[in-house]
Amino acid sequence: MNADDVNSVEEVWRAAFEPMRAPGGEPVVTPTPEEVEYERRRFRHVVSTDPEGCFVAESRGAILGLCQSLRRSHQFVLSRLGVTPEAQEQGIGRSLLGHALAYAGNDTEQFIWSSRDPRAMHSYVRE
């Protein structure tokens, strides 16, 4: 992932998480332009501070998945991992997670920020 990917990455992130809101009773809300730009700034920040921990999965020039992770001192954090709904269940998320865990190396403290999606929780426990 690089700074040029951020607009597409933000769209993938939103597409990956919108379907999870409705089953939990949360309304699906179209973000304002300010909210979209805020998310893009967050993606750009991690790309600028931890470029080796940022990954995308592409097919035919389209980004299908993303992963952002960061390292601080002896700590590793998996910050974001998302795959477009139509590309889920194809191993893309698992591959991105593998890249992030390789980036984690031997860090003694490893944290994962996760949604409530049971598929995600199962994948993280399995890895």
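The structure this text deals with has already been given above.
Along each chain, residue indices are assigned from 1 in the same order as the chain's sequence is written. This being a predicted model, a pLDDT of at least 70 is required before a residue's local features are given, and a value of 80 or more before pairs of side-chain atoms are given or counted; all residues contribute to the totals for chains, interfaces and linings. With hydrogens and water excluded, all non-hydrogen atoms of the structure serve as input to the side-chain values.

### Description of the nonpolar core
In plain terms, the rule: As used in this record, nonpolar core signifies buried Ala, Val, Leu, Ile, Met, Phe, Trp, Tyr and Cys residues forming a set joined through side-chain atoms within 4.5 Å. With a 1.4 Å probe rolled over the protein chains alone, any residue whose accessible area is under 20% of its type maximum counts as buried; one over 50% counts as exposed, and the rest are partly exposed. Secondary structure elements follow DSSP: runs of H or I no shorter than four residues count as helices, runs of E no shorter than two count as strands, and numbering proceeds from the N terminus. Residues are treated as being in contact if the distance between any of their heavy atoms lies within 4.5 Å.
Residues Cys67, Leu78 and Leu96 are the most contacted members of the largest nonpolar core, which totals 14 residues. For this core, the secondary structure elements donating two or more residues are strand S1 (54-59), strand S3 (75-83) and helix H3 (92-104). Beyond its immediate chain neighbours, meaning those up to four positions away, Leu96 contacts Phe55, Val56, Ala57, Gly65, Leu66, Cys67, Leu81 and Gly82.

### Examining the pairing of strand S2 (residues 62-72)
Rules: When DSSP locates at least two bridges between a pair of strands, those strands are taken to pair.
Where S1 and S2 come together, six bridges link them in antiparallel fashion. Within S2, the residue paired with Ala57 across the bridge is Gly65. Note: S2 against S3, eight bridges, orientation antiparallel. For Arg71, the partnering residue across the bridge sits in S3 and is Phe76.

### Things to note about the pairing of S3
As a reminder of what qualifies: Whether a crossover is right-handed comes down to one check: with the strands pointing away from the viewer, does the path from the first strand over the helix to the second run clockwise; if it does, it is right-handed.
In terms of burial, S3 is largely enclosed, as eight of its nine residues are buried. Linking S2 back to S3 in an antiparallel pair, the connection comprises two residues, with Ser73 at a positive phi of about 55°. Relative to strand S4 (residues 109-112), S3 runs parallel, the two being bridged by four bridges. Of the residues in S4, the one forming a bridge with Val77 is Phe111. Each parallel crossover has a hand, and for S3 linked through H3 to S4 it is right-handed.

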